[in-house]
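# A look at the structure
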Amino acid sequence: MTAPAPEPDRSDIEPVPVDPPPEKATIFATITGTKDHDRRPIVPAALRNRDERADLARWVVRFGLHVTAFHIVRAPMYAGKLLAYSPRGLYRILRTLFYVVSDAEGARCAAPRSSAGTPRRT
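Residues numbered from 1 in each chain as written. Predicted model: local features only at pLDDT ≥ 70, side-chain atom pairs only at ≥ 80, totals over all residues. Heavy atoms only, no water.

## Quick word on the packing of helix 3 (residues 50-73) against helix 4 (residues 75-102)
Their axes nearest at 4 Å, the elements helix 3 and helix 4 cross at an angle of 50°. It follows from the interaxial angle that helix 3 and helix 4 lie oblique. Of the residues in helix 4, those touching helix 3 at His71, Ile72 and Val73 are Ala75, Pro76 and Tyr78. Residue composition of the contact of helix 3 with helix 4, grouped by class: 5 nonpolar, 1 polar and no charged. (Axes fitted to C-alpha atoms, helices over the stretch in contact; angles between N-to-C directions. Helix = DSSP H or I, 4+ residues; strand = E, 2+ residues; numbered from the N terminus. Parallel < 35°, antiparallel > 145°, perpendicular 65-115°, else oblique. Contact = heavy atoms within 4.5 Å. Nonpolar A, V, L, I, M, F, W, Y, C, P; charged D, E, K, R; others polar.)

As structure tokens, this is what we get:
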């Protein structure tokens, strides 16, 4: 078996932080630094041209019709799911309503207690 190679001498290398701390900029530098950036137009290019506006309007109408047709085709499935889940939902609503109205938890707290601290049986 051969001996492992010796480690190179790294004592002369100065460590450099991986993420140096950010330099703090003055307010003036922050404001004037934005003038070098490209500004986006206020009105999009698609709305500045009449033909592109018309194309965009046609696309919006076609997309709206597609979404509407998509859900109309699936309406029977939605109705079936509604009928399937309705009994369970009605049960959960009635159960919660009965629990709130009956105040079962409060009735246990208000039950007469014996000297040992347990409720008396009547």
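## Points about the environment of Arg74
If you trace the backbone, Arg74 turns up in the loop between helix 3 and helix 4. Owing to a relative accessible area of 30%, Arg74 belongs among the partly exposed residues under this scheme. Within the local environment of Arg74, its side chain forms a polar contact with the backbone oxygen of Phe70, the two atoms lying 3.2 Å apart. (Buried < 20%, exposed > 50% of the residue type's maximum accessible area, 1.4 Å probe, protein only. Polar contact = N/O pair within 3.5 Å; in protein donor to acceptor, adjacent residues only side chain to side chain.)

## So, helix 4
Its 28 residues give helix 4 an end-to-end C-alpha distance of 39 Å, which sits within 8% of 40 Å, the value for a rise of 1.5 Å per residue. At Ser86, helix 4 shows its maximal bend, which comes to roughly 40°, and the proline Pro87 appears one to four places after that position. Once helix 4 finishes, Asp103 follows within two positions and takes phi at roughly 50°, a positive value. (Expected span 1.5 Å × (residues − 1). Bend = angle between axes of the 7 residues up to and from the residue.)

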